[in-house]
Amino acid sequence: MNLAERDLQVIWHPYTQMQTAQPPIPIVRGEGTCLYTEDGTKYIDAISSWWVNIHGHSHPYIAKKIAEQLLQLEHVIFAGFTHHGAVELAERLLAILPSNQAKAFYSDNGSTAIEVAIKMCLQYWHNKGQQRTKIIAFKNAYHGDTFGAMSVSGRSAFTAAFDSLLFEVEFIDLPNNSNIEALKSQISHLKSQISSFIFEPLVQGSAGMIMYEAKYLDELMAHCRKEGVLMIDDEVFTGFGRTGKPFACNHLQTQPDIMCFSKGLTGGTMAFGLTTCTQEIYNAFLSDDKMKTLFHGHSYTANPVACAAGLASLDLFLDASTQKNIDRIAARHTVFADKIKGHKSLKTTRQTGTILAMEWETGNNTSYFSGLRDKLYYYFLNKGIILRPLGNIIYILPPYCITDTELDYIYTTVEQALNEI
Ligand SMILES: Cc1ncc(COP(=O)(O)O)c(C=O)c1O
């Protein structure tokens, strides 16, 4: 049996329908933007492997730092003990986050970063003796696959089997010019019951790269601040340059109370999660009363190897060449979006920073499960490009090291697809 056949025997892949599963493609090596199979077939990773890989695959600098850390200290319990990498990463990140972010809580991935944020908010009010258990979230939001994260995500085919078990959340529309006053009234009306408002800033990734204006989010956030509603800014996807600025909140005036990170945090090398919060939130847990403790911790919390990867990725991220690459990709996306505008197969394009989404014209069938999704997926795969459509929406979200030649190849192939599919 080859590797793909052995895989089918023993592996349960995420988001895969088992009866119709195609054998997975075995990858043996990654370098820069590309992934390679055993026989040397090359794929351009145009979606940064589920949006995590910001500096390219197997980056030698991150690899070196990880290797050094492994020989120094691979892990230590993070209760009662600490280590250099955890402290330095927190110090360096807090220094570039909004000025009100004061404390860092490590976990394992994006979903756990969200779980921690939700628990911080709910227990903040509990510790203050107030019954505020409602959470506000946007319709179609996606915040992860664990139960708390699923609860604050829009109800969909992905949550259907669990809907009756998810806690109640007040779902609101994305803010715009015509509904902003109504949304503010809704929040004011519910404020005494609301613990927090959670959002994906500027771009709802999994919903289909749905984009909305910073201006209205800012207005909603300012209103939450006025009404004493805590704000959770989920930057698991948008963090580390995706929207053109280091963090999506850099497009906003109002500072969130809590921020969540994962994906780009380690440049796509290690599973890692981070939740940051204000001193005010932290203070609500500071007490001699043991019942005020945030009882949350994972075995691998603040794993030193993940911290080393985070620090190395941050070094690369803060290098001037990275911001130049982000600006270059964003500018080239804009030119390409302009070029294909009005194509008969295209319903619309939208862009925020390095994220370019293109929505295929499908008439009424826009389902995530539409046949078009698979057609597009395999079309690009056969041309050596990994794009993973969300229904009829394809998006280009490359590592920042992608070359102009690679981008041109992707753009040309998208144009061919528009003409052929
Ligand atoms: C905005 C957002 N939040 C949370 C998550 C969950 O992250 P993870 O897949 O690491 O659990 C995701 C994953 O795509 C996401 O896009």
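Small disclaimer: the values here were computed from a predicted structure and weren't measured.

A. Examining the UniProt feature "modified residue: N6-(pyridoxal phosphate)lysine" (unreviewed entry) in the chain more closely. In the numbering adopted here, UniProt assigns the feature "modified residue: N6-(pyridoxal phosphate)lysine" (unreviewed entry) to Lys263. Among the structural elements, lysine 263 can be located in the loop between strand 11 (258–261) and strand 12 (273–278). Not counting the four nearest positions on each side in its chain, lysine 263 is found in contact with Trp50, Trp51, Val52, Val236, Phe237 and Gly268.

B. Expanded view of the environment of isoleucine 77. Of note, isoleucine 77 is situated in the loop between helix 3 (60–72) and helix 4 (84–96). Overall, the relative accessible area of 52% leaves isoleucine 77 in the exposed class. Measuring from C-alpha to C-alpha, the distance between isoleucine 77 and serine 345 comes to 54 Å, with 268 residues separating the pair along the chain.

C. Region of interest: the nonpolar core. Phe197 and Met209 are the most contacted members of the largest nonpolar core, which totals 91 residues. Apart from the residues within four sequence positions on either side, methionine 209 is in contact with Trp51, Val203, Gln204, Phe237, Arg350, Ile355, Ala357, Leu390 and Tyr395. Residues Ile114, Val116, Tyr124 and Cys277 belong to the second largest nonpolar core, which totals 26 residues.

D. Quick peek at the sheet that holds strand 15 (residues 385–386). The 4 strands lie next to each other as 1-2-3-15, forming an open sheet whose pairing is mixed. Of all the strands in the sheet, the pair left with one neighbour each is strand 1 (29–31) and strand 15. Alignment of strand 2 (residues 34–36) against strand 3 (residues 42–45), held across 3 bridges, turns out to be antiparallel. Within strand 3, the position partnered with cysteine 34 by the bridge is isoleucine 44.

E. Spotlight on the packing of aromatic side chains. On inspection of all chains with the given rule, the structure shows 18 aromatic pairs. Measuring from centroid to centroid gives 6.1 Å for phenylalanine 240 and phenylalanine 261, while their planes differ by 65°, and the two rings are edge-to-face. Taken together, the positions of phenylalanine 240 in the loop between strand 10 (230–234) and strand 11 and phenylalanine 261 in strand 11 put the pair 21 residues apart, joining distant regions of the chain. The same class applies to phenylalanine 240 and to phenylalanine 261, which are both buried. Both rings, one in phenylalanine 336 and one in tyrosine 411, keep their centres 4.4 Å apart while their planes meet at 15°; by these two values the pair is stacked. Of this pair, phenylalanine 336 sits in helix 11 (residues 320–340) while tyrosine 411 sits in helix 13 (residues 404–420), and the two are 75 residues apart along the sequence. The exposure class assigned to phenylalanine 336 is buried, which follows from its relative accessible area of 3%. In this structure, arginine 29 packs its charged tip against the face of tyrosine 36, placed 4.2 Å from the ring centre. Sitting over the face of the ring of tryptophan 125, arginine 132 holds its NZ or CZ atom 3.9 Å from the ring centroid.

F. Summary view of the site of the ligand. Around the ligand, the neighbouring residues are Trp51, Asn109, Gly110, Ser111, Tyr142, His143, Gly144, Glu200, Asp234, Val236, Phe237 and Lys263. One of the backbone nitrogen or oxygen atoms of glycine 110 is found 2.8 Å away from an oxygen atom of the ligand. A distance of 2.6 Å is found between an oxygen atom of the ligand and a side-chain nitrogen or oxygen belonging to serine 111. When the free accessible area of the ligand is taken as 390 Å², the share hidden by the protein chains comes to 84%. In the shell around the ligand, the residues fall into 4 nonpolar, 5 polar and 3 charged.

G. Fine view of the side chain of glutamate 115. Looking at the element boundaries, glutamate 115 is found in helix 5 (residues 110–127). With no salt bridge to any partner, buried glutamate 115 finds its closest opposite charge in lysine 119, at an N-O distance of 6.6 Å. Of the polar contacts made by the side chain of glutamate 115, one reaches the backbone nitrogen of glycine 148; its length is 2.8 Å. A polar atom in the side chain of glutamate 115 sits 2.9 Å from the backbone nitrogen of alanine 149. The residues contacting glutamate 115, other than those within four sequence positions of it, are Thr146, Phe147, Gly148, Ala149 and His296.

H. Main features of the environment of lysine 134. Mapped onto the secondary structure, lysine 134 falls in strand 5 (residues 134–138). Overall, the relative accessible area of 18% leaves lysine 134 in the buried class. Spatially, the C-alpha atom of lysine 134 lies 7.1 Å from that of glutamate 170, the residues being 36 residues apart in sequence. Once residues within four sequence positions are removed from consideration, lysine 134 is found in contact with Glu168, Glu170, Gln193, Ile194, Ser195 and Ser196.

Cut-offs applied
- Residues numbered from 1 in each chain as written.
- Predicted model: local features only at pLDDT ≥ 70, side-chain atom pairs only at ≥ 80, totals over all residues.
- Heavy atoms only, no water.
- UniProt positions renumbered as here; feature names shortened; annotations may be inferred.
- Helix = DSSP H or I, 4+ residues; strand = E, 2+ residues; numbered from the N terminus.
- Contact = heavy atoms within 4.5 Å.
- Buried < 20%, exposed > 50% of the residue type's maximum accessible area, 1.4 Å probe, protein only.
- Core = buried A, V, L, I, M, F, W, Y, C linked by side-chain atoms within 4.5 Å.
- Pairing = 2+ DSSP bridges.
- Phe/Tyr/Trp six-rings, centres within 6.5 Å; stacked < 30°, edge-to-face > 60°.
- Lys NZ or Arg CZ within 6 Å of the ring centre and 35° of its normal.
- Near = heavy atom within 4 Å.
- Polar contact = N/O pair within 3.5 Å; in protein donor to acceptor, adjacent residues only side chain to side chain.
- Areas by Shrake-Rupley, 256 points an atom, 1.4 Å probe, with all protein chains shown as cover.
- Nonpolar A, V, L, I, M, F, W, Y, C, P; charged D, E, K, R; others polar.
- Lys, Arg positive; Asp, Glu negative; His and termini not counted.
- Salt bridge = Lys/Arg side-chain N within 4 Å of Asp/Glu carboxyl O.

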